[in-house]
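These are the residues of each chain, in order.
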Amino acid sequence: MSDIDKAVIKLAGYGLKTGLIEDEDLVYTVNQLLMTIEKEDFDGDLAGPAAYAEELTEDMITDGRELEAVLKVLVGYAAGKGLTGGDSVVYSDLFDTKLMGVLTPRPSAVIRKFRSLYSQDPKKATDWYYGFSQDTDYIRRYRVSRDIKWKTRTEYGDLDITINLSKPEKDPKAIAAAKNAPQTAYPKCQLCRENEGYAGRVNHPARENHRVIPVTIQDSQWYFQYSPYVYYNEHCIVFNSNHVPMKIDRGTFAKLFDFVKLFPHYFVGSNADLPIVGGSILSHDHFQGGRYTFAMAEAPVERTFTVKSFEDVSSGIVKWPMSCIRLSGPDTDRIIELADRILIAWRGYSDPEAFIFAETDGVPHNTITPIARKRGDSFELDLVLRNNITTAEHPLGVFHPHEKLQHIKKENIGLIEVMGLAVLPARLKKEMAAVREAILCGKDLRADEMTAKHADWIDEFRGSYPVISEQNIDSILQQEIGNVFTRVLEDAGVYKRDAAGQMAFDRFINSLD
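Here we summarise the structure given alongside this text. (Residues numbered from 1 in each chain as written. Predicted model: local features only at pLDDT ≥ 70, side-chain atom pairs only at ≥ 80, totals over all residues. Heavy atoms only, no water.)

This next bit is on the overall build of the protein. Along its length, the protein carries 19 helices and 15 strands. In terms of C-alpha radius of gyration, the protein reaches 25 Å, essentially the compact-globule figure of 24 Å for 513 residues. Principal axes of the C-alpha set define a box for the protein whose edges measure 80 × 60 × 45 Å. When burial is assessed residue by residue, the protein has 54% of its 513 residues classed as buried. Restricting the contact set of the protein to residue pairs at least 6 apart, pairs at least 24 apart contribute 65%. Carbon and sulfur atoms form 50% of the exposed surface of the protein, whose accessible area is close to 22700 Å². The centroid of the 61 positive side-chain charges in the protein is displaced by 1 Å from the centroid of its 75 negative side-chain charges. (Helix = DSSP H or I, 4+ residues; strand = E, 2+ residues; numbered from the N terminus. Rg over C-alpha atoms; globule rule 2.2 N^0.38 Å. Buried < 20%, exposed > 50% of the residue type's maximum accessible area, 1.4 Å probe, protein only. Contact = heavy atoms within 4.5 Å. Areas by Shrake-Rupley, 256 points an atom, 1.4 Å probe, with all protein chains shown as cover. Lys, Arg positive; Asp, Glu negative; His and termini not counted. Charge placed at Lys NZ, Arg CZ, Asp CG, Glu CD.)

See the structure below:
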């Protein structure tokens, strides 16, 4: 039997083991896989998939590398026949997703299964759906496992740091092909419902193995899915059925609480709705949530306040590097009403002494990043005040990572970072390896382009450690990267943590009455 036929058998067996297909689907699945790779003959034993399924252990499935290896064989065969369009990771991803689409059940079957489990327990439904989204390879386990992750202890709690390696980088050929590809408005963006089952193209990922769950929020149709890059446990995305822009308003708060009531074991939040302080996709209204406790959720309220006529809502300022107001209580309608008052007040609030300007030349600057959760019998809503004003000194934003820190983090501070998780660029893996070697070998950091950008930073912290050696350098670099992220969040905070900043914060709070 050829290696290709063995790979077909293994992929069908994988589908059987994970429940993506059933015994009755085996012959059909094998034939569909053969059709996809345009192979007319088959010397394999159709009893082979079931035998392979017996060999597969849970560890082999959750590791993902067995599946990765099988797909690599089939994609290599297809590439040899000119079926993939190229040999880079972009083309491989397009084709192996087509293969996994053969195994993936129809949307109606997925929705029925989810709803059946939800009727028993929302946790059962999300547990199954999260596993399913990994089994279909929509969440590529073998890539996510390559992300570098650690926690850094700070005065604000243990911050999460991750160097993101799960999102593949395009090679020059794929970039050129994407630039020259015909422009199309279908799907309108990567969040649209129309992505479900879409074949993809060089400038848009394939989604044949993607399935979404419909949910009703504020009497409107939304959809629920997981992020393919899962920056944290059960990282989900909730998106509007219509391609409409992000907007933070009273309705946003109500929608967040609707979702929390549907899935009380999940938090959910929204990126801000303005450039610089918003997320990477502002054109499609969506939220992000999941089953994870961030440092911000564990941060205490350091001082409380009461807004007139809202004595029934617990209100306070959170001990956090960014400027966060926490509202809590059993009645979500009352929390929403107070949150709306705060949002309206903040949209129009200026305090030149604190360099807070609601607008300049008619361009609005103030908005909010909201996060909702349930804690015991109470509901909570964190409102993080944001401002996207720019200056000549800070062209990327006054309340954005300042230039001194951009060697580590230059990108926008979106919802995930706001809550205390640094999503750092993949380049840092190579750069930190080069920094490590330069320090241990006594090399001139400024002599190498890869390390020169980090030289001033290293000079700053080097004196804090009596000895930097092979034994402790990795932990030192991780701690110092975490320290940079802490300063990034402090830069993004509209009210600084010093006495003047907190007095300015109090001026805004006092304006609410």
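At a closest axis distance of 9 Å, the pairing of helix α1 (residues 3-18) and helix α5 (residues 65-80) adopts a crossing angle of 135°. Considering the angle they form, α1 stands oblique to α5. In this structure, the crossing between α1 and α5 has a hand that is left-handed. Residues Asp3, Ile4, Ala7, Val8, Lys10, Leu11 and Tyr14 of α1 touch α5, and the partners they reach there are Glu66, Leu67, Val70, Leu71, Val73, Leu74 and Tyr77. Of the residues that constitute the contact of α1 with α5, the class distribution is eleven nonpolar, no polar and three charged. (Axes fitted to C-alpha atoms, helices over the stretch in contact; angles between N-to-C directions. Parallel < 35°, antiparallel > 145°, perpendicular 65-115°, else oblique. Left-handed = near helix turned anticlockwise from the far one by under 90°. Nonpolar A, V, L, I, M, F, W, Y, C, P; charged D, E, K, R; others polar.)

Take helix α11 (residues 250-262) next. For α11, which comprises 13 residues, the first-to-last C-alpha distance of 19 Å matches the rise-based estimate of 18 Å (1.5 Å per residue) to within 8%. Taken together, the buried positions of α11 are Thr252, Phe253, Ala254, Lys255, Leu256, Phe257, Phe259 and Val260. (Expected span 1.5 Å × (residues − 1).)

Attention now goes to helix α2 (residues 26-36). Of the residues making up α2, those classed as buried are Leu26, Thr29, Val30, Leu33, Leu34 and Thr36. Projected onto a plane normal to the axis of α2, the buried residues spread over an arc of 160° and lie on a single side. What points out from α2, more than 90 degrees from its buried face, is the exposed set Tyr28 and Met35. Elements in contact with the buried residues of α2: α1, α3 (48-55) and α6 (89-103). Just beyond α2, the residue with positive phi is Glu38, at close to 55°. (Arc of directions from axis to C-beta.)

Time to look at the sheet that holds strand β13 (residues 366-375). The antiparallel open sheet is built from ten strands, whose spatial order is β3-β4-β5-β7-β6-β13-β14-β10-β9-β8. A single partner strand is all that each edge strand has here, and the edge strands are β3 (213-217) and β8 (301-305). Here the average twist between neighbouring strands, direction ignored, is 25°. Relative to β13, strand β6 (residues 267-269) is paired through two bridges, and the arrangement is antiparallel. Residue pairing across strands places Val268 opposite Ala372, the latter belonging to β13. Packed onto the sheet, helix α7 (residues 107-120) meets β3 and β4 (220-226) and runs at close to 55° relative to β3. Most of the contacts of helix α8 (residues 122-135) go to β4, to which it runs at about 60°, and overall it touches β3 and β4. (Pairing = 2+ DSSP bridges.)

Now for the side chain of Thr36. Within the fold, Thr36 resides in helix α2. Judged by its relative accessible area of 14%, Thr36 falls in the buried class. Contact partners of Thr36, with chain neighbours within four places excluded, come to Leu83, Phe95, Lys98, Leu99 and Val102.

Don't take any of this as a statement about function, it's just geometry.
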